[in-house]
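Notes for the structure review
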Amino acid sequence: MSEFWKKKMRTLLYTFDYDKDGYISEQDAADMAYGFAGAYNAKPEKKENLASIFKKTWGKYMKAGDLETDPRLTVTTLVASIKQQFYDPDLMILTVSMMRSMFELIDASQDGYLQPDEFSDWFKNLGVPEGTYDLKFAFDAVDVNGDGKISVEEFIAAFHDFLFSQNESSPNKYFFGPLVDETEYP
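Residues numbered from 1 in each chain as written. Predicted model: local features only at pLDDT ≥ 70, side-chain atom pairs only at ≥ 80, totals over all residues. Heavy atoms only, no water.

1. Quick look at the environment of glutamine 84
- Relative to the helices and strands, glutamine 84 is located in helix α4 (residues 75-85).
- On a C-alpha basis, the gap between glutamine 84 and tyrosine 185 in space is 23 Å, while along the polypeptide they are 101 residues apart. (Helix = DSSP H or I, 4+ residues; strand = E, 2+ residues; numbered from the N terminus.)

Put into structure tokens, the structure is as follows:
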């Protein structure tokens, strides 16, 4: 896997490292889900569902790690895990389930699409500092059919591209905001 792809994985890890201690624990996964669901005023059952999906996804990504002696998802563990499971349909099913659940929360209007303001809220709730990204560029990259709104299919496809593509020119590399390098997050 390329250094560019590893940088995207570092960005993903940084985004979901709730307490910013350099790794994602099972508790981080739950806290991220509860925090994210809380930001969207989700009902308790939605919060629990999202936390369950996040924890299952964390466990799947931990497959390359050692849950018994070191239950932390680091950049190294994440990279090794995705390399190991690149073609595993279970990884894709869990990832799609997580992204679909997140989409449903982000879609505040519940019309089945993300509008620019809802997409902007997505970045804010992920903790991406304003002014560090071009929101219109990021929105347009995900809105592949150019209809001014993002469908759940477009959202999931953009995440899939972020997670698996090694194409450095793909605009979906900014799915979680600007890429994070080693000096910002080891």
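Having seen the model, we can carry on.
2. Quick notes on the environment of aspartate 181
- Looking at where aspartate 181 falls in the secondary structure, it is placed in the segment after α8 (152-164).
- Relative accessible area serves as the criterion here: at 28%, aspartate 181 is assigned to the partly exposed category.
- Spatially, the C-alpha atoms of aspartate 181 and lysine 60 are 24 Å apart, while their sequence positions differ by 121 residues. (Buried < 20%, exposed > 50% of the residue type's maximum accessible area, 1.4 Å probe, protein only.)

3. A closer look at the packing of aromatic side chains
- Taken as a whole and judged by the stated rule, the model has 16 aromatic pairs.
- Seen from their ring centres, phenylalanine 159 and phenylalanine 175 are 5.9 Å apart, and the 55° between their planes marks the pair as tilted. One end of the pair, phenylalanine 159, is in helix α8; the other, phenylalanine 175, is in the segment after α8, with 16 residues separating them in the sequence. Take phenylalanine 159 and phenylalanine 175: they sit in the same class, and that class is buried. (Phe/Tyr/Trp six-rings, centres within 6.5 Å; stacked < 30°, edge-to-face > 60°.)

Read these as layout, nothing more, since geometry by itself doesn't imply function.
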